[in-house]
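For reference, the chains in residue letters:
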Amino acid sequence: MDGNELIIDALGRVQRILHRSLEGLSATDVNRQPVPHANSMAWLAWHLTRIQDDHVADIGGVPQVWLSGDWPARFNRKAEPKETGHADTLEQVAALQVDSPALLLAYHDAVYAQSKAVLAKLSPQDLELELNEPQYTPLPTVGVRLVSVVSDNTQHAGQVAYLRGYFQGLGGFGA
Amino acid sequence: MLTAAFAKEILERNGVILLGAVEGLSLDELHWQPGPESNSIAWLVWHLSRTQDNHRSAMDLTPHVWVSEGWHTKFGRSADPADRGRGHTAEQVSAFRVPHLDTLLGYHAAVRAKTDAFLARATEEDLERPAPDVVGSAMVPAHHRLQMMLVDNIQHSGQVAYLRGLLKGRGWLAA
């Protein structure tokens, strides 16, 4: 197993957690914030997908899925590559509302499909390449950047799963 | 970057988030549940540490430190390797108590030390070797157990971070 296969597998698990956690929920639950300063499932799923889209597109030298279609309009956010939710204000978090979890899953599925294609092409040598980001010492490698995508995405997917349990109780995941 | 090196890097990053999220919490905060069927931070950290201990044990074929280092007595629980929180009822989760934050962190550190040592020496061949599956009697490649460990631990760490945010408000991570 190569490092890139580990990343593809880990992101595949994120996709499955999101499907399991979001499918069948009402828009009300998906958009609900347990307290006004806490992120909703919708914001978390959107944000983690934006991070994956932004970072993997960068590594693959391909356009972001976000910018190829009407995704920004459907999420009522800017059609800009750095529109990832990073440093969103409380108002922006609260404003991210979806009509159905299906939109979150459709965007996520499209991004994961692109991620798999980009990652499958990476050789072990590619993973050692340094990124041109002189603000960091030492320079991050492609592998290190992918590690941070997996960490970020899996943490947020865990939060989405937790919120499903919180709103629906222990039976929320069914059999 | 090879599989074990990736996994080590992922756990290191995750450890920073996890330790930051539990730092300085009182026993009341550690045991707080946002809802009657929601896991507390104490339960989550114990469970993710037990899970990591269990997966590593299956890969390096050494006993759980839970048993071998006597951690179970410090938690007032049985030496049963199957005592990991898996399948706990809401009542068991609510009843779960840790004596002190340091006990929880001590056990987690002991587990991590063994995992790090294994990952530092594990070759690709070691990770292809058959290991018992987490349930049932089938055998799986060891890296399968490693993947399960990572996805479980990072998700639960994300949940701990989310709970800290619920307890302490926004901005705790940056502070």
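Keep in mind the model is a prediction, meaning the values are calculated, not measured.

Peer 1: Explain the overall build of chain B here, please?
Peer 2: Per the secondary structure count, chain B includes 9 helices and 2 strands. Starting at the N terminus and ending at the C terminus, chain B contains elements arranged as α-α-α-α-α-α-α-α-β-β-α. Here chain B has a C-alpha radius of gyration of 16 Å; the compact-globule value for 175 residues is 16 Å, and the two agree. By its C-alpha atoms, chain B is 45 × 35 × 25 Å across when sized along the principal axes. Split into buried and exposed, the 175 residues of chain B put 44% on the buried side. A separation of at least 24 residues holds for 68% of the contacts in chain B among residues at least 6 apart in sequence.

Peer 1: So what exactly am I meant to see when it comes to the interface of chain B and chain A here?
Peer 2: A common measure of how large an interface is: the accessible area buried when the components associate. In this assembly, 31 residues from chain B lie in contact with 30 residues from chain A. At the level of elements, helix H1 (3-22) and helix H9 (142-168) of chain B are the ones that each hand at least two residues to the side of chain B that touches chain A. Residue contributions to the side of chain B that touches chain A peak at 14 residues, all from H9 of chain B. When its residues are assigned to classes, the side of chain B that touches chain A shows 14 nonpolar, 13 polar and 4 charged.

Peer 1: Would you mind going over H1 of chain B with me for this structure?
Peer 2: Since there are 3.6 residues in each turn of an α-helix, residues three or four apart along the chain are aligned in direction. Between its first and last C-alpha, H1 of chain B extends 28 Å over 20 residues, near the 28 Å set by a 1.5 Å rise per residue. Looking at the buried positions of H1 of chain B, the neighbouring elements they touch are helix H1 (3-22) and helix H8 (142-168) of chain A together with helix H3 (41-60), helix H7 (101-121), helix H8 (124-128) and H9 of chain B. Immediately downstream of H1 of chain B, the backbone of Gly 24 of chain B shows phi near 75°, a positive value.

Peer 1: In this structure, what is going on with the nonpolar core? I would like to understand it.
Peer 2: Nonpolar side chains tend toward joint burial in soluble globular proteins. Core analysis: the biggest nonpolar cluster contains 88 residues, and Ala 42, Ala 45 and Val 160 of chain A together with Ile 41, Ala 42, Val 45 and Val 160 of chain B have the highest contact counts within it. Broken down by element, the residue count for this core peaks at 11 residues, all from H8 of chain A. Contacts of Ala 42 of chain B, omitting those with residues within four sequence positions, involve Leu 30, His 31, Phe 96, Val 98 and Leu 104 of chain B.

Peer 1: Whenever I open this one, the environment of Val 140 of chain B confuses me. Can you help?
Peer 2: Residue and element names in this part refer to chain B. Along the chain, Val 140 turns up in strand E2 (residues 139-141). Here Val 140 falls in the partly exposed class, since 16 other C-beta atoms lie within 10 Å of it. Remark: the alpha-carbon pair of Val 140 and Glu 128, spanning 12 residues in sequence, is separated by 8.6 Å. If we skip the residues at most four places from it in the chain, Val 140 touches Ala 131, Asp 133 and Arg 145.

Criteria and cut-off values
- Residues numbered from 1 in each chain as written.
- Chains lettered and ligands numbered in written order.
- Predicted model: local features only at pLDDT ≥ 70, side-chain atom pairs only at ≥ 80, totals over all residues.
- Helix = DSSP H or I, 4+ residues; strand = E, 2+ residues; numbered from the N terminus.
- Rg over C-alpha atoms; globule rule 2.2 N^0.38 Å.
- Buried ≥ 20, exposed ≤ 12 C-beta atoms within 10 Å, placed from the backbone.
- Contact = placed C-beta atoms within 7 Å.
- Nonpolar A, V, L, I, M, F, W, Y, C, P; charged D, E, K, R; others polar.
- Expected span 1.5 Å × (residues − 1).
- Core = buried A, V, L, I, M, F, W, Y, C linked by C-beta atoms within 7 Å.

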